[in-house]
Amino acid sequence: GAVVSQHPSWVICKSGTSVKIECRSLDFQATTMFWYRQFPKQSLMLMATSNEGSKATYEQGVEKDKFLINHASLTLSTLTVTSAHPEDSSFYICSARVGGTDSPLHFGNGTRLTVT
Amino acid sequence: DQQVKQNSPSLSVQEGRISILNCDYTNSMFDYFLWYKKYPAEGPTFLISISSIKDKNEDGRFTVFLNKSAKHLSLHIVPSQPGDSAVYFCAATLYSSASKIIFGSGTRLSIRP
């Protein structure tokens, strides 16, 4: 069964508005969660590593003021796309590791964001 | 610079035959490799992994082969089934820094009846 739940699965918003995406770990605690972005026909690109109780670590080229990450509890991380623009339209996926560092990532089902 | 490459964007295989998906990497420091399967509008699902100390790992119909000297790995699916039709992502990571997984661009596998 699914171990990582992501909500919403799709969202359409107007340019200039902000959108929040939630990622929850089910039946386990995740001190670290990861946020990815996928453009059509391209690879999953790691955006940031979300750490419970501390600031997220962003990958090079990802604007931290644009993509706000909050990991306030051991089962919830949120990604907020602020002042969204059409170029932010993409598929956003979160993931978490159930076990130690040698266990594979489990992914949420993703959120398709469309900014009009 | 793509560190993990899947040069075939698509592959079509007849049901019952073997599907072979290929992946190349450039970073010799990678020591752990994974394959994920992804259906449309869903997140990737872990399929199988292999450590660099091995050259083969088998799980049911799925076998992953690793050729470190060639920096190449492949996923074999046999026999191929209609439900195997999906996009397959190859991924690589450093065991010591396993949070950072580098994905390939994916190969769309279609199984023909």
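One can find the structure itself at the top, above this paragraph.
Predicted, not measured: the structure shown is a model, and the values here were computed from it.

A. Summary view of the packing of aromatic side chains. If you walk through the whole model with that rule in mind, you get 10 aromatic pairs over all chains. Aromatic side chains A:Tyr36 and A:Phe107 sit 5.7 Å apart centroid to centroid with 55° between the ring planes, which places their arrangement in the tilted category. Of this pair, A:Tyr36 sits in strand E4 (residues 32-38) while A:Phe107 is found in strand E10 (residues 105-107), placing the two residues 71 residues apart along the sequence. The pair formed by A:Tyr36 and A:Phe107 is uniform in burial state, with each residue classed as buried. Between A:Phe107 and B:Phe103 the ring centres are 5.9 Å apart and the planes differ by 70°, which places this aromatic pair in the edge-to-face class. In this pair, A:Phe107 is assigned in strand E10 and B:Phe103 in strand E10 (residues 101-103), connecting two distinct chains. Here the aromatic cluster, defined as three or more aromatic residues joined through ring pairs, consists of A:Tyr36, A:Phe107, B:Tyr36, B:Phe46, B:Phe89 and B:Phe103.

B. Representation of the interface of chain A and chain B. At the interface, 18 residues of chain A touch 18 residues of chain B. Summing both partners gives a buried area of about 1,500 Å² for chain A against chain B, and 60% of it is carried by carbon and sulfur.

C. Molecular detail of a nonpolar patch on the surface. All names here are of chain B. Among the surface-exposed residues, Ile18, Ile20 and Val78 lie close enough to one another that they form a single nonpolar patch of about 230 Å² accessible area. Mapped onto the elements of the fold, isoleucine 20 is located in strand E3 (residues 19-25). A relative accessible area of 37% means that isoleucine 20 is categorised as partly exposed.

D. Here's a closer look at unusual backbone geometry. The omega torsion across A:His7 and A:Pro8 is 0°, close enough to zero to call that bond cis. The omega torsion across B:Val78 and B:Pro79 is -10°, close enough to zero to call that bond cis. Tracing the sequence through the fold places B:Pro79 in the loop between strand E8 (72-77) and strand E9 (86-93). Unusually for a residue other than glycine, A:Asp27 sits at a positive phi of about 65°. Within the secondary structure layout, A:Asp27 lies in the loop between strand E3 (19-25) and E4. Looking at A:Asp27, the relative accessible area reads 86%, which means it is exposed. One non-glycine residue, B:Lys71, lies in the positive phi region at around 50°. Assignment of secondary structure puts B:Lys71 in the loop between strand E7 (62-67) and E8.

E. Here's a closer look at the pairing of strand E1 (residues 4-7) of chain A. Residues and elements named next belong to chain A. Side chains Val4 and Gln6 project from E1 onto a buried face, and the interleaved Ser5 and His7 project onto a face without burial. The sheet contact formed by E1 and E3 spans 4 bridges and is antiparallel. Paired with glutamine 6 across the two strands is cysteine 23, which belongs to E3.

F. A look at the pattern of salt bridges. Under the criterion given, the structure shown has 3 salt bridges over all chains. Salt-bridge contacts for A:Glu22 lead to A:Arg24; the nearest nitrogen and oxygen are separated by 3.4 Å. Assessed through its relative accessible area of 24%, A:Glu22 is described here as partly exposed. Residue B:Arg61 pairs with B:Asp84 through a salt bridge whose shortest N-O separation is 2.8 Å. Of this pair, B:Arg61 sits in the loop between strand E6 (56-59) and E7 while B:Asp84 sits in the loop between E8 and E9; the two residues are 23 residues apart in sequence, bridging distant segments of the chain. What makes B:Asp84 buried here is its relative accessible area of 2%.

Conventions used here
Residues numbered from 1 in each chain as written. Chains lettered and ligands numbered in written order. Predicted model: local features only at pLDDT ≥ 70, side-chain atom pairs only at ≥ 80, totals over all residues. Heavy atoms only, no water. Phe/Tyr/Trp six-rings, centres within 6.5 Å; stacked < 30°, edge-to-face > 60°. Helix = DSSP H or I, 4+ residues; strand = E, 2+ residues; numbered from the N terminus. Buried < 20%, exposed > 50% of the residue type's maximum accessible area, 1.4 Å probe, protein only. Contact = heavy atoms within 4.5 Å. Buried area = accessible area lost by both parts, 1.4 Å probe. Patch = residues over 30% accessible without salt bridge, like charges linked within 9 Å, V, L, I, M, F, W, Y side chains within 5 Å. Areas by Shrake-Rupley, 256 points an atom, 1.4 Å probe, with all protein chains shown as cover. Salt bridge = Lys/Arg side-chain N within 4 Å of Asp/Glu carboxyl O. Pairing = 2+ DSSP bridges.

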